[in-house]
Amino acid sequence: MTDVNHEANSKAPARASLPWPVWVVIALVGAGAVGGIALRRGESINSLWFIVAALCVYSLAFRFYSAFVATRVLMLDGSRATPAERLNDGRDFMPTNRWIVFGHHFAAIAGPGPLIGPTLAAQFGYLPGTLWILIGGVLGGCVQDFVILFSSLRRDGRSLGQMARDELGPLGGFAALAAVMTIMVILIAVLALIVVNAMKHSPWGTFTVSMTIPIALFMGIYLRTLRPGKVLEASVIGVVLLLAAVAGGGVVDHMPALRPWFDFDAKALALMIIAYGFSAAVLPVWLLLAPRDYLSTFMKIGTIGALAVALIVLRPDIHMPALTPFIDGSGPIFAGKLFPFVFITIACGAISGFHALISSGTTPKLLSNEADARMIGYGGMMMESFVAVMAMIAACVLDPGVYFAINSPAGVVGADAATAVATISGWGFPVTVDEMQHLATQMGEATLFARTGGAPSLAVGMANIFARLSGDGLLALWYHFAIMFEALFILTTLDAGTRVARFMLQDLLGNFYAPLGRVSWTPGVLFSSGLVVLAWGYFLYQGVIDPLGGINSLWPLFGIANQMLAAIALCVATTIIVKSGRARYAWVTAAPLAWLVIVTTSAAWAKLFDPAPRIGILAQVADLKAKLAAGALPPEMIKQAPQLLFNAHLNAALTALFLLLTWVLVLDTLRVCSRHLRGLSTPPFSEVPYARTQLSA
């Protein structure tokens, strides 16, 4: 059990720097802004309402709720030595400046979810997604990241799967490890495929993103060898070089002699990303991963901050209605009713299981002071939630007709421009062919019709906002900058995810051959990293060479798998809180866990058994088989039918597997917690003994 004498030394968060009347005003303003967003109907609403609501909610949540979790539920202890100090090996465990850790952590967790999820969820209107981002973020996502980071810090930086095995026992541990490893492979492959699609035949983006690698290597050497401890100095140099890389990408893009050197097709980029993922997993964390993610954070936070400032200055109106007719499940972008699919689609903007892998992977191995877990765990996710709010605004300031023209697939709205605009206008969202062609020309693209996936429409929204300050002549520049910005978000998640998957695989392999479980043993690092990269690299390459199959067919599972992973993480967190002797506070993690179990079970059931072929996988199979038997398919579809049927069956099997493993974890959590509360035997509490830090404050 936790040593209460040492817990009494818990480093409590500082008192509020603002007097209580100011916090009352912030609460009232925030309540008014949220109420204005929720109750406004039939008239336009200014985007400033969203920013005010978000800033007030986040300020109150961090000051009061995160402080409650830190002092009452977890009892952070700043005098306690962290794994980075006790197990320092210079490769994975290493005490690191907290701002660099924050930068690495935020860059690692902030992948495509907070950008793409809210953009796609705008199909339902601005209201449902915005409310879930705010509420789910501060009560669910931030808490999950914080508690899992703390739990891993107290357990030698153990991974989520290993903590599940230690606290729940063999059954729960096996289910968690199987679910986490399977989901990880799918998530990383999907992330990699998004990067490939964003960067293929884009010399500008490819040059800028690739230049972040040598810049990060230089920063790592600079901080470790040339100028140790000079974080601010290295940061200034790194930011200057990063901005130069962004500008250099534009130069390369307009130089015929250099452009071919950075113009790659999807296959070549896939192989490069596979090679990069392996390198990121095996190189010392100080050399590439931490400084690269730290650098990326400047671009991410800087761009989102600039977007927030632009929105405050311009105060554009939101053109998307609060609710659209597509809440009934008939949406053109993705099929599914408002409940549960808005929560599945938003994913990382509110709560993400992937974050738990970072919070129990690389971050606890770098953190030098346990008291900083609040800022990094709760604060890092809060920043990501704000990114999601910005993405929602950028999507909703577009005219709805333009938004649906960009995001709706040709198979739904029609293959030619005239048919597409007629279909979309018929929904009550008018748009014209000339309007779309003019917009594409401004963005430097041939067409913007059916550019599905969310990234292009988000880039158009961001470009329009920035161009209103700098002039329409820079629309193409801002559009391609936004595309590159999104790719950078995703790639930093990919490299951290690969490293975390390597840690988990080593945990598993160590049960069969002990040296493979040691993260400091180089042959084990190389072997396990190779297996992880081969696993997601296979699905990535299949998705690249076969657009109708491979990983593309697994995309609908991305949101469900991610939210199920969050449920697994909250199972582990709830068990740890109960076994620590603070069961009266278990509601902090049990409440979001219960909600996620309801949402993910409902979504998985709908994906399996909904009678509508656009939603239910088994209905898709039956519909395709019936059309194939009746000869109602065109010749090209007949050739593709076997692959499509295989993909559908694979989707169904994975959905059922994820659902089964999640419920095994939930039931095992209830069993272990119940036994502990009744005084019966359970797996021993695995928190390591207290050791006082020797690092200076």
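Everything numeric in this text was worked out from a predicted model, so none of it was measured. (Residues numbered from 1 in each chain as written. Predicted model: local features only at pLDDT ≥ 70, side-chain atom pairs only at ≥ 80, totals over all residues. Heavy atoms only, no water.)

Chemist: Requested: an account of the environment of Leu-680, with residues and values cited.
Modeler: With respect to the helices, strands and loops of the structure, Leu-680 is situated in the segment after α27 (635-677). In the structure, Leu-680 is positioned 437 residues away from Leu-243 in sequence and 60 Å away in space, judged by C-alpha atoms. (Helix = DSSP H or I, 4+ residues; strand = E, 2+ residues; numbered from the N terminus.)

Chemist: Please set out the packing of aromatic side chains residue by residue, giving values where relevant.
Modeler: Counted under the stated rule, the structure contains 25 aromatic pairs. With a centroid separation of 6.3 Å and 55° between ring planes, the pair formed by Phe-62 and Tyr-378 is classed as tilted. Taken as a pair, Phe-62 in helix α3 (residues 48-74) and Tyr-378 in helix α16 (residues 373-396) lie far apart in primary sequence, 316 residues in all. Ring geometry for Phe-339 versus Phe-343: centroids 6.0 Å apart, planes at 70°, classification edge-to-face. With Phe-339 and Phe-343 both in helix α14 (residues 338-346), this residue pair falls four residues apart, about one helical turn. A relative accessible area of 14% places Phe-343 in the buried class. (Phe/Tyr/Trp six-rings, centres within 6.5 Å; stacked < 30°, edge-to-face > 60°. Buried < 20%, exposed > 50% of the residue type's maximum accessible area, 1.4 Å probe, protein only.)

Chemist: Tell me what's going on with the nonpolar core, and back it up with residues and numbers.
Modeler: Tyr-58, Met-390 and Trp-536 are the most contacted members of the largest nonpolar core, which has 209 residues in total. A per-element tally of this core places helix α9 (residues 170-199) first, with 21 residues. Ignoring any residue separated from it by four or fewer positions in sequence, one finds Tyr-58 in contact with Ile-133, Leu-134, Val-138, Met-382, Ser-385, Phe-386 and Val-389. Listed in part, the eight residues of the second largest apolar core include Val-621, Leu-624, Leu-645 and Ala-648. (Core = buried A, V, L, I, M, F, W, Y, C linked by side-chain atoms within 4.5 Å. Contact = heavy atoms within 4.5 Å.)

Chemist: Help me get a handle on unusual backbone geometry, residues and values and all.
Modeler: The residue after Phe-339, namely Pro-340, is reached through a cis peptide bond having omega 10°. The topology assignment puts Pro-340 in helix α14. In this structure, Met-75 takes a positive phi of about 55° despite not being glycine. Overall, Met-75 belongs to the partly exposed group, its relative accessible area being 22%. Positive phi outside glycine occurs at Arg-315, with the angle close to 50°. Tracing the sequence through the fold places Arg-315 in the loop between α13 (289-314) and β2 (317-318). According to the relative accessible area criterion, Arg-315 is partly exposed, its value standing at 43%.

Chemist: Residue-level account of helix α21 (residues 455-470), with values.
Modeler: Under the 1.5 Å per step criterion, the end-to-end length of α21 is 22 Å for 16 residues, consistent within 8% with the ideal 22 Å. Burial of α21 is extensive: 12 of the 16 residues sit out of reach of the surface. Residues Ala-455, Pro-456, Ser-457, Leu-458, Ala-459, Val-460, Gly-461, Met-462, Ala-463, Ile-465, Phe-466 and Ala-467 constitute the buried set of α21. One or two steps after α21, the chain reaches Gly-471, where phi turns positive at roughly 110°. (Expected span 1.5 Å × (residues − 1).)

Chemist: Give a detailed account of a nonpolar patch on the surface, specifying residues and quantitative values.
Modeler: Together, Phe-218, Ile-221, Leu-226 and Leu-241 line one region of the surface with nonpolar side chains, adding up to about 330 Å² of accessible area. With three residues, the top contributor of residues to the nonpolar patch is helix α10 (residues 203-226). (Patch = residues over 30% accessible without salt bridge, like charges linked within 9 Å, V, L, I, M, F, W, Y side chains within 5 Å. Areas by Shrake-Rupley, 256 points an atom, 1.4 Å probe, with all protein chains shown as cover. Salt bridge = Lys/Arg side-chain N within 4 Å of Asp/Glu carboxyl O.)

Chemist: How would you sum up the side chain of Asn-562? Please name residues and give values.
Modeler: Along the chain, Asn-562 falls in helix α24 (residues 555-579). When neighbours within four sequence positions are excluded, Asn-562 is seen to be in contact with Leu-187, Ala-347, Cys-348, Ile-351, Ser-352, Gly-353 and Phe-354.

Chemist: Hey, could you go over the state of the cysteines for me, with residue numbers and the actual values?
Modeler: Tallied over the entire structure, the rule returns zero disulfides. We note that Cys-56 lacks a disulfide partner, and the nearest cysteine sulfur, in Cys-142, lies 16 Å from it. Judged by its relative accessible area of 10%, Cys-56 falls in the buried class. Take Cys-396: it sits in no disulfide, and the sulfur closest to it among the cysteines is that of Cys-348, at 18 Å. (Disulfide = S-S within 2.5 Å.)

Chemist: Give a detailed account of the pattern of salt bridges, specifying residues and quantitative values.
Modeler: Enumeration according to the criterion identifies 12 salt bridges in this entry. A salt bridge links Glu-167 to Arg-155; the nearest nitrogen and oxygen atoms lie 3.1 Å apart. Taken together, the positions of Glu-167 in helix α8 (residues 160-168) and Arg-155 in the loop between α7 (126-153) and α8 put the pair 12 residues apart, joining distant regions of the chain. Each of the two residues, Glu-167 as well as Arg-155, counts as buried. Salt bridges linked by common partners bring Arg-80, Arg-154, Glu-370 and Glu-687 together as one network.

Chemist: Can you explain the packing of helix α6 (residues 113-121) against α16? Please cite residues and give values.
Modeler: Running from N to C, α6 and α16 point in directions that differ by 40°, and their axes come no closer than 8 Å. Put simply, α6 runs oblique to α16. Here α6 runs over α16; the crossing is right-handed. Residues Pro-114, Leu-115, Pro-118 and Thr-119 of α6 touch α16, and the partners they reach there are Glu-384, Val-387, Ala-388, Ala-391, Met-392 and Ala-395. (Axes fitted to C-alpha atoms, helices over the stretch in contact; angles between N-to-C directions. Parallel < 35°, antiparallel > 145°, perpendicular 65-115°, else oblique. Left-handed = near helix turned anticlockwise from the far one by under 90°.)

Chemist: If you had to explain the environment of Ile-576 to someone new, which residues and values would you point to?
Modeler: Position of Ile-576 relative to the elements: it lies in helix α24. Once the C-alpha coordinates of Ile-576 and Leu-168 are considered, the two residues, 408 residues apart in sequence, prove to be 9.2 Å apart. Ignoring sequence-local partners within four residues, the contact set of Ile-576 consists of Ser-151, Arg-155, Met-163, Glu-167 and Phe-685.

Chemist: Which residues make up the packing of α3 against α16, and what are the values?
Modeler: Where α3 meets α16, the axes come as close as 11 Å, and the angle between the chain directions of the two elements is 165°. Considering the angle they form, α3 stands roughly antiparallel to α16. With respect to the hand of their crossing, α3 and α16 are arranged in right-handed fashion. Along its contact with α3, which presents Phe-50, Ile-51, Ala-54, Leu-55, Tyr-58, Ala-61, Phe-62, Arg-63, Tyr-65, Ser-66, Ala-67 and Ala-70, the element α16 presents Arg-374, Met-375, Tyr-378, Gly-379, Met-382, Ser-385, Phe-386, Val-389, Met-390 and Ile-393.

Bear in mind that shape data such as this cannot, by itself, settle questions of function.
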